[in-house]
Amino acid sequence: MVIKIKKICCIGAGYVGGPTMSVIADRCPEIFVDVVDKNVERIKLWNSTNLKDLPIYEPGLEDIVKRRRGKNLTFSTNIKEKISSADMIFISVNTPTKTKGIGAGQASDLKWVEACARDVANFATGHTVVVEKSTLPVKTAEVIKKILEASQIPINFETKKSFDVLSNPEFLAEGSAIKDLEYPDRVLIGGENNEAILALNDIYINWVSPEKILHTNIWSSELAKLTANAFLAQRISSINSISALCENTGADVKEVSRAIGLDSRIGSKFLNSGPGFGGSCFKKDILNLVYLSKYFGLEEVAEFWEGVVKLNNWHQHRLSRLITNKLFGTISGKKICILGFSFKANTNDTRESAAITICKDLLEEGAFLSISDPKVNKKQIEKDLKSYSLNNLNYSEISDFFNYEGQWAFEEDINNAAEKSDAIVILTEWEEYLNINWEEISTMMRKPAWIFDARSILDPKEIKDNDLYLWRIGNGQSND
Ligand code: UDX
Ligand code: ADP
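Residues numbered from 1 in each chain as written. Chains lettered and ligands numbered in written order. Predicted model: local features only at pLDDT ≥ 70, side-chain atom pairs only at ≥ 80, totals over all residues. Heavy atoms only, no water.

S.K.: Where do I start with the overall build of the protein chain in this structure?
M.R.: In terms of helices and strands, the protein chain carries 17 helices and 14 strands. Whereas a compact globule of 480 residues would reach a radius of gyration of roughly 23 Å, the protein chain reaches 24 Å, a difference of no more than 12%. The C-alpha extent of the protein chain, read off along each of the three principal axes, is 80 × 50 × 45 Å. The buried share among the 480 residues of the protein chain stands at 54%. Carbon and sulfur atoms make up 51% of the accessible area of the protein chain, which totals about 22,000 Å². Treating the 58 positive side-chain charges of the protein chain as one cloud and the 65 negative ones as another, the clouds have centres 3 Å apart. (Helix = DSSP H or I, 4+ residues; strand = E, 2+ residues; numbered from the N terminus. Rg over C-alpha atoms; globule rule 2.2 N^0.38 Å. Buried < 20%, exposed > 50% of the residue type's maximum accessible area, 1.4 Å probe, protein only. Areas by Shrake-Rupley, 256 points an atom, 1.4 Å probe, with all protein chains shown as cover. Lys, Arg positive; Asp, Glu negative; His and termini not counted. Charge placed at Lys NZ, Arg CZ, Asp CG, Glu CD.)

S.K.: Is there a simple way to think about helix α10 (residues 253-261) in this case?
M.R.: Note that an α-helix has 3.6 residues per turn; residues three or four places apart therefore point the same way. Every buried residue of α10 is listed here: Val-253, Ser-257 and Gly-261. In a view along the axis of α10, the buried residues occupy a sector of 65°, so they form one face of it. Pointing more than 90 degrees away from the buried face of α10 are the exposed residues Glu-255, Arg-258 and Ala-259. You can read the cap of α10 off the contacts: a side-chain oxygen lies 2.9 Å from the backbone nitrogen of Lys-254, and it is on Asp-252. (Arc of directions from axis to C-beta. Polar contact = N/O pair within 3.5 Å; in protein donor to acceptor, adjacent residues only side chain to side chain.)

S.K.: How do you make sense of helix α6 (residues 140-150) when you look at a structure like this?
M.R.: All of the buried residues along α6 are Thr-140, Ala-141, Ile-144, Lys-145, Ile-147 and Leu-148. Looking straight down α6, one finds that the buried residues subtend no more than 165° of arc, so they occupy a single side. Facing away from the buried surface of α6 by more than 90 degrees, the exposed residues are Lys-146 and Ala-150.

S.K.: Help me understand the site of ligand 2 in this model?
M.R.: In the region of ligand 2, 17 residues are neighbours, and Tyr-15, Val-16, Asp-37, Arg-42 and Arg-351 sit closest. Here an oxygen atom of ligand 2 sits 2.9 Å away from a polar atom, N or O, in the main chain of Val-16. Taking Asp-37, its side chain carries an N or O atom lying 2.6 Å from an oxygen atom of ligand 2. Starting from 580 Å² of accessible surface for ligand 2 in isolation, the protein chains cover 90%. Examining the composition of the shell around ligand 2, we find that 3 residues originate from one element, helix α5 (residues 111-123), more than from any other. Taken together, the residues of the shell around ligand 2 sort by class into 8 nonpolar, 5 polar and 4 charged. (Near = heavy atom within 4 Å. Nonpolar A, V, L, I, M, F, W, Y, C, P; charged D, E, K, R; others polar.)

S.K.: Can you help me understand the sheet that holds strand β13 (residues 450-453) in this one?
M.R.: Each strand in a sheet pairs with another by means of backbone hydrogen bonds, the pair being arranged parallel or else antiparallel. Sheet architecture is open: 6 strands sit in the order β11-β10-β9-β12-β13-β14, paired in parallel fashion. Two strands close off the open sheet at either side, each with one partner strand: β11 (408-410) and β14 (469-472). In this sheet, neighbouring strand axes are inclined to one another by 15° on average, regardless of whether the strands run parallel or antiparallel. Sheet analysis places strand β9 (residues 335-339) next to strand β10 (residues 368-372), joined by 5 bridges and oriented parallel. The residue of β10 that forms the bridge with Ile-338 is Ile-371. Across the sheet, helix α13 (residues 354-364) lies against β9, β10 and β11, angled at about 155° from β10, the strand it touches most. (Pairing = 2+ DSSP bridges. Axes fitted to C-alpha atoms, helices over the stretch in contact; angles between N-to-C directions. Contact = heavy atoms within 4.5 Å.)

S.K.: I'm lost on the side chain of Thr-350 in this one. Help?
M.R.: Locating Thr-350 in the fold gives a position in the loop between β9 and α13. Look at Thr-350 and you get buried, because its relative accessible area is 3%. A polar atom in the side chain of Thr-350 sits 2.6 Å from the side chain of Asp-384. Beyond its immediate chain neighbours, meaning those up to four positions away, Thr-350 contacts Phe-341, Ser-342, Phe-343, Ile-356, Val-376, Gln-380 and Asp-384.

S.K.: What is the right way to read the pairing of strand β7 (residues 187-190) from this model?
M.R.: If a strand is regular, its side chains alternate between the two faces of the sheet. Side chains Val-187 and Ile-189 project from β7 onto one buried face, and the interleaved Leu-188 and Gly-190 project onto a second face that is buried too. Where β7 and strand β8 (residues 213-216) come together, 4 bridges link them in parallel fashion. The partner of Ile-189 across the bridge, within β8, is His-215. Between the parallel pair β7 and β8, the chain is carried across by helix α8 (residues 194-204), and the sense of this crossover is right-handed. (Right-handed = clockwise from strand over helix to strand, strands pointing away.)

S.K.: Could you clarify how one ought to interpret the environment of Val-308 in this entry?
M.R.: By secondary structure assignment, the location of Val-308 is in helix α12 (residues 299-326). Among residues more than four places away in sequence, those in contact with Val-308 are Ala-233, Gln-234, Ser-237, Phe-277 and Ile-286.

S.K.: Got a minute to help me understand the site of ligand 1 in this structure?
M.R.: Glu-174, Asn-272, Phe-343, Lys-344 and Arg-455 are the nearest of the 19 residues found near ligand 1. In the environment of ligand 1, an oxygen atom lies 2.9 Å from a nitrogen or oxygen atom belonging to the side chain of Lys-344. A distance of 2.8 Å separates an oxygen atom of ligand 1 from a polar side-chain atom of Arg-455. Computed on the free molecule, ligand 1 has an accessible area of 660 Å², of which 91% lies beneath the protein chains in the complex.

Take a look at the structure:
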């Protein structure tokens, strides 16, 4: 039986569902794509007339939404109706790490996936291909299948329904999601029924060359996703561990990265030392691997992967300790300017951002922080730091910050953020930070003033020429 897909429904209008469905709608104009979400506010934003108000910032996304929305791409909260008319349903909901019960702190919470599977079981009609798209622990397909199978009992001929379940993990990185979706390194389709696999294959074939579309069994597909993220995160922890050694030995991590990256077996990507990896996937996926390994009694395997997360945590705290030490061992009553709060450039996402840990540490030590980010707004930072921003501070009237210990303010303008600060810490590699006028900034800071370049993006000479001390991640020579 050939399965022909005419209508897709995606449950979950988040960082994965939104961009993925936009690209499918763009590349397959003959397929209708409905994105549904229970979050009314989020859907409202997806339908904003002003495309700048879309709930997700991704280069290239606005253009696609402009082209397809209202034609073959819709966003709604009409979950029941859209499920019932779809031939293929993508499950693209959030799967945070469990905070309580069995597997707390490691296993993913599948309650939203389960809720979706139940909705699909209830409302789907005819034959439906269900595709797991969220980052999921291995064997999730089995959970989905069991729930769907329980609903396949034909009551009469009209209500008879049947399902196929596929795993089609996403490999998109935030900030380059559209490019990753349009030009993927590979597309993975895991499943048991060849017709269902081919139905999804037929969608991707519209823009992806066939040799890049891999068909696997469902477990390999699920495990490949976790493994890919674990390998990538492992590279970052590896290079960050070396950065600490560089700082102590006089080596430069950039030179080390370059030297090892030229070995074609190692490759040059993902070797930039920074403030520690963030994002919604890396930590969660590794912890899933850890949980899975422990479940099967593979303690050594679990410990190996857990080490990647431990190193990342240690590295983030290492940076905040280092900042305090450089500022004569105390930061209370001092203003520290934080440039960049998102977990990496070109995204407004702050999930697991190193900035959260580092800012919390600095606030705990009594610093006053002025935080600036070109895309993250004040409300989000308030949520992440679990405290409110001070507003409308007039820095020219403040001589020291002892009355502001452990507090912070959001500043859109970099100059305001930097005014009277003792240090500037660059945590995200935003392009605008490459064009800062350090001559001007230097005159506004309190001396001796430090620049902590945790992304190693600044020109050291320019900083030093402007009467500023510089600390660069993984650089043993400039860090004096
Ligand atoms: C990641 C995977 O790349 C993607 O394939 C998967 O689908 C989801 O998880 P993402 O979390 O969006 O994507 O970001 P990524 O670009 O991988 O960066 C993750 C973190 O590692 C960021 O905090 C980034 O700053 C950091 N990083 C990355 C480094 O510190 N150094 C590097 O060399 C690369
Ligand atoms: P991701 O990064 O995996 O895309 P997000 O948190 O950005 O995760 O998005 C997941 C979306 O899924 C959220 O907008 C949330 O409201 C939605 N969602 C979760 N559970 C359900 C459900 N049962 N039905 C509809 N939408 C859901």
